[in-house]
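Structural overview
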Amino acid sequence: MQKGEFLYEGKAKRVYRTEDPTCYIVEYKDTATAFDGLKKEDLANKGVLNNNIAALFFAMLQNEGIPTHFVKKLSEREMLVRALQIIPVEVIVRNIVAGSLAKRLGLPEGAPLKSTVLEFNLKNDALHDPMLNQYHIQALELATARELARMEELALRVNELLRGFLEKRDIILVDFKLEFGRFGGEILLGDEISPDTCRFWDAGSGEKLDKDRFRRDLGGVTDAYAEVLRRLLEVK
Ligand code: TMP
Ligand code: ASP
């Protein structure tokens, strides 16, 4: 599949058209950003690691019946995906208190949640991705009630599948962010699933294996991502 017209550059990826109007090529960059791009650094090989990690997660989820945009891995940095019309709502799934939830509610990081928490953020860096509820989403016509229900259903199912898959690899799935899009009348899971968009803690030591290492200047960012990939590739 040939790379066509450059379409869009995000903080961590570039998107290109292909000769097939229903498919895009996503290229994973080495750039790491945090705090809406305020903190920014190039980390050698991060794009390769995230492309490989996301490809494995998408393939597993697809196998389990989750409709995703993933078609196939094309190269070490590129994957072929369905050309979604992205819904500008980030769906956050939380199993354990961390990050902005800990801050907002004054709860200790690591506190377990009695049940899974779903949150929605508007995808808008200039506004710092403000939180939305289902009323905002419908009133602003970001998604229909039916689309939102489908996104919630898929997000919860993805959580169960990822949690089980990672548990077998001694990784605790603390929280993560998903994006969805429209394709041929269906809602598909889009964007990426990687240590950039999830919190992964080592089950034994509690060590952080995700972008919090970059956000919090802990060092060893790509070593941690490589460790996640190594564990995903282990046959279980
Ligand atoms: P938070 O605790 O900062 O709200 O993040 C929750 C999860 O969502 C965490 O796994 C990181 C992920 N996330 C993104 O992928 N992109 C973002 O812009 C933000 C704020 C969080
Ligand atoms: N993705 C956002 C940024 O790059 C925030 C984050 O993940 O911390 O600024």
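One can find the structure itself at the top, above this paragraph.
Residues numbered from 1 in each chain as written. Chains lettered and ligands numbered in written order. Predicted model: local features only at pLDDT ≥ 70, side-chain atom pairs only at ≥ 80, totals over all residues. Heavy atoms only, no water.

1. A closer look at the sheet that holds strand 2 (residues 13–17)
Just so we agree on the cut-off: In short, DSSP must find at least two bridges between two strands for them to pair. Labels follow the DSSP assignment, with helices taken as runs of H or I lasting at least four residues and strands as runs of E lasting at least two, numbered in each case from the N terminus. Axis geometry follows a simple rule: fit a line to the C-alpha atoms, using only the stretch in contact for helices, then measure angles between N-to-C directions, giving values from 0 to 180 degrees.
Reading across from one edge, 1-2-3-7-6 is the order of the five strands in this open sheet, with antiparallel pairing throughout. Bordering the open sheet on either side are strand 1 (6–9) and strand 6 (70–73), each of which pairs with just one other strand. When the angles between neighbouring strand axes are averaged without regard to direction, this sheet yields 25°. Of the pairings in the sheet, the one linking strand 6 to strand 7 (residues 78–82) comprises three bridges and is antiparallel in character. By the bridge assignment, K73 is partnered in strand 7 with M79.

2. Notes on the side chain of K39
Going by this rule: Note on exposure labels: buried denotes an accessible area under 20% of the residue type's maximum, exposed denotes more than 50%, and partly exposed covers the range between, all computed with a 1.4 Å probe on protein chains only. Residues adjacent in sequence count toward polar contacts only when both atoms are side-chain atoms; beyond that, a polar contact is any pair of N or O atoms within 3.5 Å, and within protein one must be able to donate a hydrogen and the other to accept it. Any two residues whose heavy atoms approach within 4.5 Å are treated as being in contact.
When you line up the elements, K39 lands in strand 5 (residues 39–42). Of the residues examined, K39 reaches a relative accessible area of 18% and is grouped as buried. A polar side-chain atom of K39 sits 2.5 Å from a polar atom in the side chain of D217. Here K39 is in contact with A32, T33, A34, F214, R215 and D217, once residues within four sequence places are set aside.

3. A few points about the site of ligand 1
Definition in use: When we say a residue is near a molecule or strand, we mean one of its heavy atoms is within 4 Å of it. The method behind every accessible area is Shrake-Rupley, applied with a 1.4 Å probe, and residues are considered shielded solely by the protein chains displayed.
In the neighbourhood of ligand 1, 14 residues make up the surrounding shell, with R94, S100, D175, K177 and R199 lying closest. In this structure, S100 approaches ligand 1 through a side-chain N or O atom, which is 2.6 Å from an oxygen atom. At 2.6 Å from an oxygen atom of ligand 1 is found a side-chain nitrogen or oxygen belonging to D175. Protein chains bury 80% of the 450 Å² of accessible surface belonging to ligand 1 in isolation.

4. Quick look at the environment of E152
Examined against the element boundaries, E152 turns out to sit in helix 4 (residues 145–167). Among all residues touching E152, those that are not within four sequence positions of it are L118 and F120.

5. Notes on the sheet that holds strand 12 (residues 171–178)
As a general point, the strands of a sheet are linked pairwise by backbone hydrogen bonds and lie either parallel or antiparallel. What the five strands build is an open sheet, ordered 11-10-9-12-15; its pairing is antiparallel. Two strands lie at the open edges of the sheet, namely strand 11 (131–132) and strand 15 (198–202), each paired on one side alone. Across four bridges, strand 9 (residues 89–96) lies against strand 12 in antiparallel orientation. Residue pairing in the sheet places I92 in a bridge with K177 of strand 12.

6. Let's talk about the site of ligand 2
For clarity, the cut-off: Under this grouping Gly is polar, as are all residues other than the nonpolar Ala, Val, Leu, Ile, Met, Phe, Trp, Tyr, Cys and Pro and the charged Asp, Glu, Lys and Arg.
Around ligand 2 lies a shell formed by K11, T33, A34, F35, D36, G37, K211 and R215. Note that an oxygen atom of ligand 2 is positioned 3.4 Å from one of the backbone N or O atoms of F35. In this structure, an oxygen atom belonging to ligand 2 sits 2.7 Å away from a side-chain N or O atom of R215. Taking 270 Å² as the accessible area of ligand 2 by itself, protein coverage stands at 77%. Classifying every residue of the shell around ligand 2 by side-chain character gives two nonpolar, two polar and four charged.

7. Some thoughts on helix 6 (residues 221–233)
Since the α-helix advances by 3.6 residues per turn, residues separated by three or four positions end up pointing in the same direction. Here is the rule: Under the convention used throughout, the expected extent of a helix is 1.5 Å for every residue step, that is, one less than its residue count. Throughout, the arc means that of the directions going from the helix axis to the C-beta atoms.
Across its 13 residues, helix 6 extends 19 Å between first and last C-alpha, which sits within 8% of the 18 Å expected from 1.5 Å per residue. Here helix 6 has its buried residues at V221, A224, Y225, V228, L229, R231 and L232. Considered in projection along helix 6, the buried side chains sweep an arc of 165° and stay on one side of the axis. Away from the buried face of helix 6 by more than 90 degrees, exposed residues D223 and L233 are located.

8. Topic: the environment of Q85
Within the secondary structure layout, Q85 lies in strand 8 (residues 85–86). In sequence terms Q85 and G181 are 96 residues apart; their C-alpha atoms lie 5.1 Å from each other.

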